[in-house]
Structure formats: structure tokens, C-alpha cells
Amino acid sequence: MKNKIDILFETKEKDILSVFFTAGYPQLNDTGRILKELQENNVDLIEFGIPYSDPLADGPVIQNASQQAINNGMNLNLLFEQLFKETSTITIPIILMGYLNSVIQFGLEEFYKKCFENSVSGVILPDLPLSEFEDEHKRFADKYNVKVIFLITPNTSITRIKQIDALSTGFIYVVSSNSITGKGHTDFEALEKFYRQLHQIPLKNKTLIGFGINTNSSFKKATQLANGAIIGTAFINALSKEQSISAFINYINTTQPILS
Amino acid sequence: MQTLNMPDKKGYYGEYGGAYIPELLFNNINELEQNYLKIIHSTEFQKEYHDLLENYVGRPTPLYHAKNLSEQFKTKIYLKREDLCHTGSHKINNTIGQILIAKALGKKRILAETGAGQHGVATATVCALLKLECIIYMGQIDMHRQEANVIRMKMLGATIIPAISGSKTLKDATNEAIRGWINDPDSYYLIGSAVGPHPYPDMVAKFQSIISKEIKQQLLKAEGMEEPDLVIACVGGGSNAAGAFFEFIDSKKTKLIGVEAAGKGIDTGYSAATMTLGTTGILHGSRSIIMQTKDGQIIEPHSISAGLDYPGIGPLHAFLGKRKRALYLNVTDEEALQAAFNLTKQEGIIPALESAHALAILNKLELHKDQVLVINLSGRGDKDLPTYLDHYHEK
């Protein structure tokens, strides 16, 4: 069976919109509703955060959403159960994003197996070292057809980018600048310079830009450089203010202001 | 000879250690990993490091034969007086070492986390000495219970950022310091405990190993032998214990005991006894033993002592515990308080609450009069006077 991430990139190469939100937030059972609404609003890819108590790369908004989700009772078992209910309706690829400790406690093979069984196409674990991926994760990821996506930043060395590109099969997540999520200042000039370097390599994988993408203008600038962009903190803020999902997506796509 | 006190090439002590960090920190960790041994082994570093330890910190610290305490426990007890170091604890051994590394790497700004404030004060002190900008992350709860240290850090010119997430203690201060480092990759992160991604645990253990090096020399003079029967130290993340154990880890003779904070008691849900309550997992960039739920969420710890109020332990200790090379026990808040009052009465030394945990274990050991014990008195109790005062009134 073909991985949905591959299918996506075969049909769409530009302006890919990926949205991140934390599982179990704002309410424990919001998962299905939010997934469906994002799909109905033509979002291309969904990144689903596994809530973790000590998320080192995240700013206060995602930290608080994670804590709220944990308090609501969210865990990996429940997350997979909720996804299972949506497998027939959700056709766009789903990626799980979390920290390695959650996966280790769940059990490595069990985790990748459940991903496969519940239509999860890829995982992002920002604190997974490359060597540990190769030694311990890769065989299960391959066996269960789950893509493991790695991050690079404008400060990552070319040698390391080549190494990551060689190991990646889904896409590469380009962190817009050296900062935790939700800081909101992206230096697009620096990013443009970085992309000129990337084009010279050239990468075999597609790229999506994340961290600091929060408006139509930043989405447009990011998608001029990359195949698409990822919106996280801004969407969680919208959820916490109970803004309508369609209005939010419309705002990102068209600069249409959100009427609340 | 097999050496257990150092990690392998990948930064692991057995299965524990490693560097589990977001890509955003890869360059920083890599720069440190590639350079730290080279810098430490350079003549210039060694000269400056030992000069500062001797003339600024006041080393060697005494190895004091505590006769009254020995008589009370019917054995021979030596106290390694790290409480007499400049700034009041062993923490400065490490900050002197790391600040010289930061300087050699050309860094201008230092970030650090602190629990009890001892590491924060030791960091602010060396930053003042070397004219480097200093930013300290401290849990909001700890800022209240260790107010004297907050004032000292401010006076030393440090900026203090309260950690307001999670339990608002050391774990959260560490999270915030790491996030601060991600946002400011030109700065140097000066970790105070034997935790964090490789090479931090090794670096901290090496800088603290001066404690056990001196114990060996001093014991040779006092007892005609280098190795005691037993070395006891308190353990939060485990820096003072790593230093006190370091030279004895390969010894066939010396038994090693680490004492963790049981808080209100192991079974109460208010504890920080990681080696008893924890399981293998990842926290703050290394694989070690941590206190966590079955889903892998970190459990918020409790201890009366801010310096031991941490849900993890350094990978070296996890390894020594698993190999049964060291024994990790624990004592409650109440037992530690009593031990602090007891030492004050017996020897005229007011210990830090952290160090009082190491002293409190004496009540639980079978001791003999022909044994020689060394207890690492890691810090002095000035910072804990408000807590002692509260309990002094109760008695």
C-alpha cells in the first residue's frame, strides 16, 4: 500500500498547507471534529501532537495545550483509538509529532504497528538522534510503512543535511529560524539564502517550513521557498479562542480577517 | 584497567546517557562535544582552573574528622567540607571549569538553571569574575524558598528569569534554560548537575572529581590509606555524589552510597527518590532513570530541599545503580531536618538541607567502630535558615 505522504506529493508540489494541533485539546474528544473540519477546509496534511509534560522545543502556547490535553486524559492509546474511528473518513495524511520518551514508554514496535493500523503515515520526533533512528527505529518504520521525518535549521551543516536527506523518505521539516515554536519572527532573507544552498545540493526530498508561520503573508513567503508550510501555534491559539476552523484556514489562504 | 566512571565514545554509561536533543541544539552540543576534552587537557586550562580552585575557591577543602558525630554513631566519620568553598557549596568546582570552557569557545553570555540557588550563585559569581553576561532560570517556588540566594545572584549582576511552567521547580527551570538556549544559540549553557545531554554529565563529573581526588590524598595523610570503607553523598541530579565517588568507582574496597530525597515518604506521592520510584526514560537530553507515569509523562517531584527536588538522576548514577556498584537509598524531609539539627549540635556545623540527607542515612546503616566513612558535606545551611527557623520553633 502506498504511503499517503507520497500520494500527496505526487498530486501537489506547491502551497501544501499542513496544520499542527495537540491531540486532546481543547477537549479530550475534539480529535474527530477537528480532523474532519481541517480536511473539509482543504488542508493537505495534519500533524497531530502527542501531548508531553516537558516539551523542550515548544513555546508556552503548545506547552499549555499539551498540559491541558494531559489533564483531559489524553494518552497514546486513546489517541490511536480516536484515530481508528476516523480511518474511513480521513483521506489526507496524518503525522504524529511528539517526544521520544512517549514512544519509548509505549514500546517501539508497538508504536509503529499502531501507526500503521490507524492510518498514520509519518512521525516526527525532534529529540530522536539519527544514529538511534538507524539502529532501533528504522526497521519498524520500514516494516509498518511509516515515514520518519527529520528537522533541519538554517544552521544545520551541509554535511548533516545530506545525511538527513539520505535517511529521509517523506519530506524534510525546515525550522524557519533557531527558536522554539511560537516565537513568530521569521527571517525570510536568511531563509532564502539557506534555500539557495539547499538547491545546490540538491535535496531528493520535498521540504515544508515550520515554526513562526502564522499569517497569510508568512505562509506565502514560506511556500515560495518550500513545497509547503506548517502552522502550529497560530492554529492552537485560534482553537483556544474558539474561532471557527474554516475562518482560520481562510485567513491563512486569503488574508480574509477572522470574524469572531 | 576497566574504568566505569567515564562514558563510551557515544556518550553512554552502559545503556544510560546519550544526547537526545532537538536539531536546533545539535550545533551547540556538537561544538562542545568536539572540544571539551581538548580544552580540559590543555596546559593553559589546567593552570587557570587549578589556580582559581586554590586561590579563589579555597581548595583543598578540609577533610574533617568529626569526633562527636563519630562517637554518636560508633564509627569513624570524616566530613569533606565542600560547605567551606567560596559561595557555600561544591557547585563552584564545576562553574569554574565550565566558564573556562565557555571562554575558550569564545562565548559571551552564560545561561544556567538553578534549584536551591547554589549553582545559580556559583554561576553568577564566575560570570562576575570573568565579566560575562549571566542569565539564571529558577523555578518560581524555589525563588521563594531560597530567597537569600536570589538576592545574592542579583547582587552579582545576574538576570533571573522565573520558571512558571509545571511544578515551578528545578525540572522546569531546566526546561526553560534549554528553551532559552535554543532561542540564543550563541550563548553557553552551564549545567549545574551531572545531567543533560552528553558531554555534560561527563564534564560535570570530571570537574567535581576534585572532591574525591582530595579525599584520597587527605585520607592517606590522616589514616595511612587512600580508600575509605564508605563514601556517602546526597543525590538530586548527582553532581556532588559524582565528584565524591569518581576516584573510588573502580575501587574494590570502597562502598558508595547515594542518598535521595524521599520527601514526605516513598509512598505518599510527594517524593523525589528517583532510583526507587523511577524507570528508564528520557529527560533533559539523556536516557536515564526518571520518575514518570506509564505514559511517559514526568511526575512532579517533592522535596523540602530545592536542590534534590528533581525527577531524574544523572546517567552515571543510573548506571552505577544498575551495576550495583553504588547503592541508592533515601531519607524523608523530616529525617533530613533532624540530621541537620543533630550535626549543628554535635559539631557546630549547619549543613545545607541537601547535605543533611547524606547525614540522615547514618541512622539506617549498620556501622562498626573500625570503619572509616567519608560523608560529602556538599553545602552550608545559610540559605536554609528560613526553613530551619520554621522547624526550630516547632521543636
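Residues numbered from 1 in each chain as written. Chains lettered and ligands numbered in written order. Predicted model: local features only at pLDDT ≥ 70, side-chain atom pairs only at ≥ 80, totals over all residues. Heavy atoms only, no water.

1. Considering the side chain of aspartate 142 of chain B
All names here are of chain B. This is how the line gets drawn: Elements are defined by DSSP. Helices are runs of H or I of four residues or more, strands are runs of E of two residues or more, and each kind is numbered from the N terminus. The classification of residues rests on relative accessible area computed with a 1.4 Å probe and restricted to protein chains. Under 20% of the type maximum is buried, over 50% is exposed, and intermediate values are partly exposed. Polar contact is defined as a pair of N or O atoms within 3.5 Å, subject to the rule that within protein one atom must be able to donate a hydrogen and the other to accept it, and that residues adjacent in sequence are counted only when both atoms are side-chain atoms. Throughout, a contact is declared for two residues whenever any of their heavy atoms are within 4.5 Å.
With respect to the secondary-structure elements, aspartate 142 resides in helix α6 (residues 140-145). Given the relative accessible area of 0%, aspartate 142 is considered buried. Here arginine 145 takes part through its side chain, which lies 2.9 Å from a polar atom of the side chain of aspartate 142. Non-local contacts of aspartate 142, meaning those with residues more than four positions away in its chain, are made with Thr114, Gly115, Lys168, Thr169, Leu170 and Ala306.

2. A look at the domain arrangement of chain B
Residues and elements named next belong to chain B. Put simply, the test is: An automatic or database domain assignment supplies the residue ranges for each domain. Criterion for a salt bridge: a side-chain nitrogen of Lys or Arg within 4 Å of a carboxyl oxygen of Asp or Glu. Charged residues are taken to be Asp, Glu, Lys and Arg, nonpolar residues to be Ala, Val, Leu, Ile, Met, Phe, Trp, Tyr, Cys and Pro, and polar residues to be all remaining types, Gly included.
The assigned domain composition of chain B is domain 1 (13-53 + 91-204) and domain 2 (58-88 + 209-394). In this structure, domain 1 and domain 2 have C-alpha centres spaced 22 Å apart. Between domain 1 and domain 2, the contact holds 40 residues from the first and 41 residues from the second. Where domain 1 meets domain 2, there are two salt bridges. Where lysine 322 meets glutamate 15, a salt bridge forms, and the shortest distance between an N and an O atom there is 2.5 Å. Counting across the domain 1 and domain 2 interface gives 20 residue pairs in polar contact (both at pLDDT 80 or more). Among the elements of the structure, β2 (16-17), α2 (43-57), α4 (91-104), α5 (118-130), α6, α7 (147-155), α8 (170-183) and α9 (200-208) are those that each provide at least two residues to the side of domain 1 that touches domain 2. If one sorts the elements of the side of domain 1 that touches domain 2 by residue count, α8 sits on top with five residues. Tallied by class, residues from the side of domain 1 that touches domain 2 come to 16 nonpolar, 18 polar and six charged.

3. Observations regarding the interface of chain A and chain B
Where interface size is quoted, it is often the accessible area lost as the parts come together. Put simply, the rule is: When two parts are put together, the accessible area they lose, computed with a 1.4 Å probe and summed over both, is reported as buried area.
Contacts between the two partners involve 36 residues from chain A and, on the opposite side, 31 residues from chain B. Of all residues in chain A, the largest losses of buried area upon contact with chain B belong to Asp54, Leu56 and Asn178 of chain A, amounting jointly to 23% of the total for that side. Here chain A and chain B share four salt bridges between them. Note that arginine 287 of chain B and glutamate 132 of chain A form a salt bridge whose closest N and O atoms lie 2.6 Å from each other. In this structure, the connection of chain A to chain B is made through 20 residue pairs in polar contact (both at pLDDT 80 or more). Secondary-structure elements contributing two or more residues to the side of chain A that touches chain B are α3 (60-72), α5 (100-106), α7 (130-143), β6 (151-152) and α8 (158-167) of chain A. Among the elements that line the side of chain A that touches chain B, the one with the most residues is α5 of chain A, at five residues. In terms of residue class, the side of chain A that touches chain B is made up of 16 nonpolar, 12 polar and eight charged.

4. Things to note about the pairing of strand β6 (residues 133-139) of chain B
Residues and elements named next belong to chain B. For the record, the criterion: Any two strands with at least two DSSP-identified bridges between them are counted as paired. Look down the strands so they point away from you; if going from the first strand over the helix to the second traces a clockwise path, that crossover is right-handed.
Counting buried residues in β6 gives six out of seven residues, a clear majority hidden from the surface. Across six bridges, strand β5 (residues 109-114) lies against β6 in parallel orientation. The partner of isoleucine 110 across the bridge, within β6, is cysteine 134. Tracing the backbone out of β5, into α5 and back to the parallel element β6 gives a crossover that is right-handed. Inspection of the sheet shows β6 paired to strand β7 (residues 159-163) by five bridges, in the parallel sense. Within β7, the residue paired with glycine 139 across the bridge is alanine 163.

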